[in-house]
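The lines below spell out each chain.
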Amino acid sequence: QVLLVESGGGLVQAGGSLRLSCASSSRSFSAYGVGWFRQAPGEAREFVAAITWSGGSTEYADFAKGRFTIDRDNHKNTVYLQMNSLKPEDTAVYYCAADFTDPPGRLDSSYDYWGQGTQVTVSS
């Protein structure tokens, strides 16, 4: 069992930045690829970004390219999502998930463990 806890969400004005964290106390967390997903009210959950267990490879949704950066610190058992130039349409609950398959994919069904989510609200 891999428990994931997201933090760092909040209310920010358009153009601002937030850094989300996904932390785990599980010793095996560093062996998992990790993805970030988001879900806005009334919308389906969508892929945001993913990173391999080593941090050597990343993947982004088109809307995230150039604005969001995913990275990880395996010594701290934490994966981060730096979000810059935020837009009102980025408003959603953001979830991190762990996938033992490497590299992790874009499909949420391939992920094994999920956090509880953190709310990000971007005001115009």
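Placed above this text is the structure.
On a predicted model such as this, the values are computed, not experimentally measured, just so you know.

Secondary structure summary: the chain contains zero helices and eleven strands in total. Its helices and strands taken in sequence order, the chain reads β-β-β-β-β-β-β-β-β-β-β from the N to the C terminus. Taking 2.2 N^0.38 as the reference for a compact globule, 124 residues should give roughly 14 Å; the C-alpha atoms of the chain span a radius of gyration of 13 Å, in line with that estimate. For the chain, the spread of C-alpha atoms along the principal axes amounts to about 40 × 25 × 25 Å. The long-range share in the chain, meaning contacts at least 24 apart out of those at least 6 apart in sequence, stands at 59%. Surface accessibility of the chain: about 6200 Å² in total, with carbon and sulfur atoms responsible for 49%. Once the 10 positive and 13 negative side-chain charges of the chain are each reduced to a mean point, those two points are 5 Å apart.

Position of V122 among the secondary structure elements: in strand β11 (residues 118–123). Judged by relative accessible area, which is 6%, V122 ranks as buried. Remark: the alpha-carbon pair of V122 and L11, spanning 111 residues in sequence, is separated by 5.9 Å. Apart from the residues lying within four places of it in its own chain, the contact partners of V122 are V12, Q13, A14, L86, K87, P88, D90 and T91.

Read across the sheet, four strands follow the order β1-β3-β8-β7 without closing on themselves; strand pairing throughout is antiparallel. The outermost strands of the open sheet, each flanked by one partner alone, are β1 (5–7) and β7 (68–73). With strand direction ignored, the average angle separating the axes of adjacent strands in the sheet is 15°. Sheet topology note: the β1/strand β3 (residues 18–23) ladder contains three bridges and is antiparallel. Residue pairing across strands places E6 opposite C22, the latter belonging to β3.

Thresholds applied
Residues numbered from 1 in each chain as written. Predicted model: local features only at pLDDT ≥ 70, side-chain atom pairs only at ≥ 80, totals over all residues. Heavy atoms only, no water. Helix = DSSP H or I, 4+ residues; strand = E, 2+ residues; numbered from the N terminus. Rg over C-alpha atoms; globule rule 2.2 N^0.38 Å. Contact = heavy atoms within 4.5 Å. Areas by Shrake-Rupley, 256 points an atom, 1.4 Å probe, with all protein chains shown as cover. Lys, Arg positive; Asp, Glu negative; His and termini not counted. Charge placed at Lys NZ, Arg CZ, Asp CG, Glu CD. Buried < 20%, exposed > 50% of the residue type's maximum accessible area, 1.4 Å probe, protein only. Pairing = 2+ DSSP bridges. Axes fitted to C-alpha atoms, helices over the stretch in contact; angles between N-to-C directions.

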